[in-house]
Amino acid sequence: MDRSPLLPDRHAMADFFVCDVFDAVAKADMASMEYPIFSLSTKPDRRLRRYEQGDCFVEITPSMKGLATVHDRDVLIYCISQVIAALNDGRPVTRTLRLKAHDLLVATNRMINGQAYSGLKASLERLRGTTISTNIKTGGTEQFDVFGLIERARVVRETREGRMQEIEIVLSDWVFNAIEAREVLTLSRDYFRLRKPLERRIYELARKHCGHQRQWEIGLARLKEKCGSTSTPKEFRRLVRAIVAQDARHGHIPDYAVTLEPARDGGDKVVVRNRRGLRPQAPGAGLLAGPAARALPPLPADTHAEARRLAPGWDVHALEQEWRLWCQDKALVPDHPAPHFLSFCRSWAANQEL
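Residue positions within a chain follow its written sequence, with the count starting from 1. Residues qualify for local features only when their pLDDT is at least 70, as the model is predicted, and side-chain atom pairs are given and counted only at 80 or more; totals for whole chains, interfaces and linings, by contrast, use all residues. In computing side-chain properties, one takes all heavy atoms of the structure into account and sets aside hydrogens as well as water.

### Some points on the environment of N177
Then step 1. Strands here mean DSSP runs of E at least two residues long; helices mean DSSP runs of H or I at least four residues long; both are numbered from the N terminus. Within the element layout of this structure, N177 appears in helix α5 (residues 173-180).
Then step 2. Burial here depends on accessible area, computed with a 1.4 Å probe over protein chains only, as a share of the maximum for the residue type. Under 20% is buried, over 50% is exposed, and the range in between is partly exposed. Residue classification places N177 among the partly exposed residues on the basis of a relative accessible area of 28%.
Then step 3. As a C-alpha pair, N177 and R95 span 82 residues in sequence and 9.6 Å in three-dimensional space.

### Details of the pairing of strand β12 (residues 268-274)
Then step 1. Counting buried positions along β12 yields five of seven residues, so the element is predominantly enclosed.
Then step 2. Strand pairing is assigned whenever DSSP identifies at least 2 bridges connecting the two strands. When strand β11 (residues 256-262) meets β12, the two strands line up antiparallel, connected through seven bridges. In the strand pairing of β12, E261 is matched with K269.
Then step 3. Hairpin connection of β11 to β12: five residues between the antiparallel strands, including G266 at a positive phi of 95 degrees.

### Thoughts on the pairing of strand β10 (residues 215-219)
Then step 1. What you see with β10 is a clean split: W216 and I218 sit on the buried side and Q215, E217 and G219 on the side with no burial.
Then step 2. In terms of strand pairing, β10 meets β12 through five bridges, oriented antiparallel. Counted as the bridge partner of I218 is V270 from β12.

### Some thoughts on the packing of aromatic side chains
Then step 1. Here the aromatic set is Phe, Tyr and Trp, taking the six-membered ring for Trp, and pairing holds for ring centres within 6.5 Å; pairs whose planes are under 30 degrees apart are stacked, those over 60 apart are edge-to-face, and all others are tilted. For the structure on display, the rule yields five aromatic pairs.
Then step 2. Ring centres of Y203 and Y256 lie 6.0 Å apart, and the angle between their planes is 55 degrees; this geometry places the pair in the tilted category. Of this pair, Y203 sits in helix α6 (residues 197-209) while Y256 sits in strand β11, and the two are 53 residues apart along the sequence. The two residues Y203 and Y256 agree in class, both being buried.
Then step 3. Every member of this aromatic cluster is reached through a ring pair, and the members are Y191, F192, Y203 and Y256.

Right, dumping it as structure tokens:
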């Protein structure tokens, strides 16, 4: 029997992110989704990296224990998700989070044995040891900055056997600025079931660049660069082809179908297609070439309650972000933002049921 490439859902009966916030959903910051900050390697990666895009640059310096990996990123996703959920509930937040190690492991679909706790400790060490130098804006602030992915981590409480029970993590200003500005995107829970680091990276890029559009494509060489892969072009193509073949059989990449196709220049391109089709469109506004959607005013307090009724089961704050991004993509400024957003939610819910 051809086994599914997804990891088993180890905690299917458990509430997602069982911590202080019970309805948190997985969130990742958009800046680190754009740049290959995390290593794809399962062995210590001690290479200095630098990436440039226009006027922006990011330089990643590893510690002796290596760069933070794609799987180490799970810790940050968990932290970001908790803070965003608290903000959505109107609760005050700080850069310092106290978390139960067990809950973090369950939420990110990891084992909960001794090896898993040791692995979590190693993840915290690599996240603290990896240094970022960049001028990328987060929260609308551009400045040259040097920081770790987390500022500090410590074990607050342990079991009698010495296993970490409660941990305290202090997020960097760079990450926290992105959270406060809501520069985050929702991830599928099945992200944590993807076995291969390259699968996770491809999904991140698809989520960032394709979103809810019909499709997005990228040249294979450019994809290799954005993934931060150290493989040869031939080996990278083989790795992508293997993922594409598995996705064709199992449809295991969350939200998106991935194919490898010939490009016009004679090379190869990866085409990402949204499994649910186009982002739903909301009627009732005129096109303007001026202000972007980020300039839209805050929605009235009762709008989210009505949005929950129109799109039951969805994170309405995530839907608001999608709506704002959609308006920004279209240079669209609605005359009446709240009804326009509610129309978007209604179209969204209908589209997901097709």
